[in-house]
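Below, each chain spelled out in residue letters.
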Amino acid sequence: VKQEVFINEDAINNHLADLQYPIYFLDFEYVSVAVPLFDGNHPGERIAFQHSLHRLDEDGTLHHWEYLHEENSDPSESLAQDLVNRILPHGSIMVYSASVEKGVLQQLAAKFPHMAEALNGMVDRLWDLLPIFQNHYRHWEFGTGWSIKVVTDTLIPDFAYEDLEIREGGSASLAWINMLESDDADEREQIAIGLKEYCKRDTKVMVELLAHLQLL
């Protein structure tokens, strides 16, 4: 493998110039199953049960909030309300691969008309970090990938996922269903801790990747 690094600083800086403070960093975990889990769901619907949200203010202050639905009930309205309470009507919302967050927000907006204006406003403010690593920052250690984990392992290895109990989205979805079905309070608590650590890592990594790019 040729050990090459390609960085288009002009293109990256143009992309970064679109960011507006406060910058939010948002990640969802969700389930999508053939047999609906709750009344009112349809087959294959993405049901977001968790989010992690960092907010970076212009003065460098970093805040973190999280939501994990731990009841055996549809998480949609509670999660949507938490987002509406946390995210101000201005500022960019950074995600990594926007299709999931966009789809979840649009679905929530359609489901809850009283929150639709706020949720659709969030959709309009999504800022996707993925295209930078697809198109403008390629490192030979990425191989043929550009997932958030591949990029993290290479550029900010101190924030890699190896120390976590849960390390990827499919495992998170399965863990949440196991948590709902478990009668063991200790097991439920351990799963909840693992889910929160994993989702928080995703948004903290975006904070660190932004800092890395701003130093180029």
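Whatever comes next refers back to the structure up there.
Read on for an overview of the structure. (Residues numbered from 1 in each chain as written. Predicted model: local features only at pLDDT ≥ 70, side-chain atom pairs only at ≥ 80, totals over all residues. Heavy atoms only, no water.)

1. Points about the overall build of the protein
Now for step 1: From N to C terminus, the protein includes 8 helices and 7 strands.
Now for step 2: Relative to the 2.2 N^0.38 estimate, which gives 17 Å for 216 residues, the radius of gyration of the protein is 18 Å and therefore close to what a compact globule would have.
Now for step 3: Summarising its shape, the C-alpha atoms of the protein cover approximately 50 × 40 × 30 Å along the three principal directions.
Now for step 4: Here the protein, with 216 residues, has 47% of them falling under the buried criterion.
Now for step 5: Surface accessibility of the protein: about 10900 Å² in total, with carbon and sulfur atoms responsible for 47%.
Now for step 6: Both charge centroids of the protein, one from 15 positive and one from 37 negative side chains, sit 3 Å from each other. (Helix = DSSP H or I, 4+ residues; strand = E, 2+ residues; numbered from the N terminus. Rg over C-alpha atoms; globule rule 2.2 N^0.38 Å. Buried < 20%, exposed > 50% of the residue type's maximum accessible area, 1.4 Å probe, protein only. Areas by Shrake-Rupley, 256 points an atom, 1.4 Å probe, with all protein chains shown as cover. Lys, Arg positive; Asp, Glu negative; His and termini not counted. Charge placed at Lys NZ, Arg CZ, Asp CG, Glu CD.)

2. A word on the pattern of salt bridges
Now for step 1: This model, assessed by the stated rule, comprises 9 salt bridges.
Now for step 2: Of the charged contacts in the structure, one is a salt bridge between Asp57 and Arg55, with a shortest N-O distance of 2.9 Å.
Now for step 3: Residue Arg55 is classed as buried on the basis of its relative accessible area of 15%.
Now for step 4: When the shortest N-O distance is used, the salt bridge between Arg201 and Asp163 registers 3.0 Å. With Arg201 in helix H8 (residues 185-214) and Asp163 in the loop between helix H6 (148-155) and helix H7 (169-181), this pair connects stretches of sequence that are 38 residues apart.
Now for step 5: Using a relative accessible area of 15% as the deciding quantity, one classes Arg201 as buried.
Now for step 6: Residue classification places Asp163 among the exposed positions, given a relative accessible area of 56%.
Now for step 7: Look at the salt bridges and you will find they share partners, linking Glu45, Asp74 and Lys111 into a network. (Salt bridge = Lys/Arg side-chain N within 4 Å of Asp/Glu carboxyl O.)

3. Examining the pairing of strand S4 (residues 62-68)
Now for step 1: Note that strand S3 (residues 47-56) and S4 share 7 bridges and pair antiparallel. Paired with Arg55 across the two strands is His63, which belongs to S4.
Now for step 2: Between S3 and S4, which pair antiparallel and follow one another directly, the connecting turn spans 5 residues, one of which, Gly60, has a positive phi of 95°. (Pairing = 2+ DSSP bridges.)

4. Let's talk about helix H4 (residues 116-124)
Now for step 1: Those residues of H4 not exposed but buried are Ala116, Leu119, Met122 and Val123. Around the axis of H4, the buried residues are gathered within 125° of arc, so they sit on the same side. Summarising the geometry of H4, the exposed residues directed more than 90 degrees from the buried face are Glu117 and Asp124.
Now for step 2: Against the buried residues of H4 lie helix H2 (76-86), strand S5 (93-95), helix H3 (98-111) and strand S6 (126-128). (Arc of directions from axis to C-beta. Contact = heavy atoms within 4.5 Å.)

5. A few points about the side chain of Ser76
Now for step 1: Relative to the helices and strands, Ser76 resides in helix H2.
Now for step 2: Judged by its relative accessible area of 2%, Ser76 is buried.
Now for step 3: Discounting residues that sit within four places of it in the chain, Ser76 has contacts with Ile47, Leu108, Lys111 and Phe112.

6. What about the side chain of Ser173?
Now for step 1: Relative to the helices and strands, Ser173 resides in helix H7.
Now for step 2: In contact with Ser173, other than residues within four places in its own chain, are Tyr30, Val31 and Phe49.

7. A word on the sheet that holds S4
Either a parallel or an antiparallel arrangement is found when strands of a sheet pair, and the pairing is made through backbone hydrogen bonds.
Now for step 1: Ordered by their spatial adjacency, 5 strands build an open sheet running S4-S3-S2-S5-S6, and the pairing between neighbours is mixed. Two strands lie at the open edges of the sheet, namely S4 and S6, each paired on one side alone. Going from strand to strand, the sheet's axes swing by 25° on average, the running direction of each strand aside.
Now for step 2: As defined by bridge partners, strand S2 (residues 23-31) adjoins S5 across 2 bridges and the pair is classed as parallel. Each bridged residue has a counterpart across the sheet, and for Tyr24 the counterpart in S5 is Ile93.
Now for step 3: Packing against the sheet, H7 makes contact with S2, S3 and S4, and its axis sits at approximately 60° to S2. (Axes fitted to C-alpha atoms, helices over the stretch in contact; angles between N-to-C directions.)

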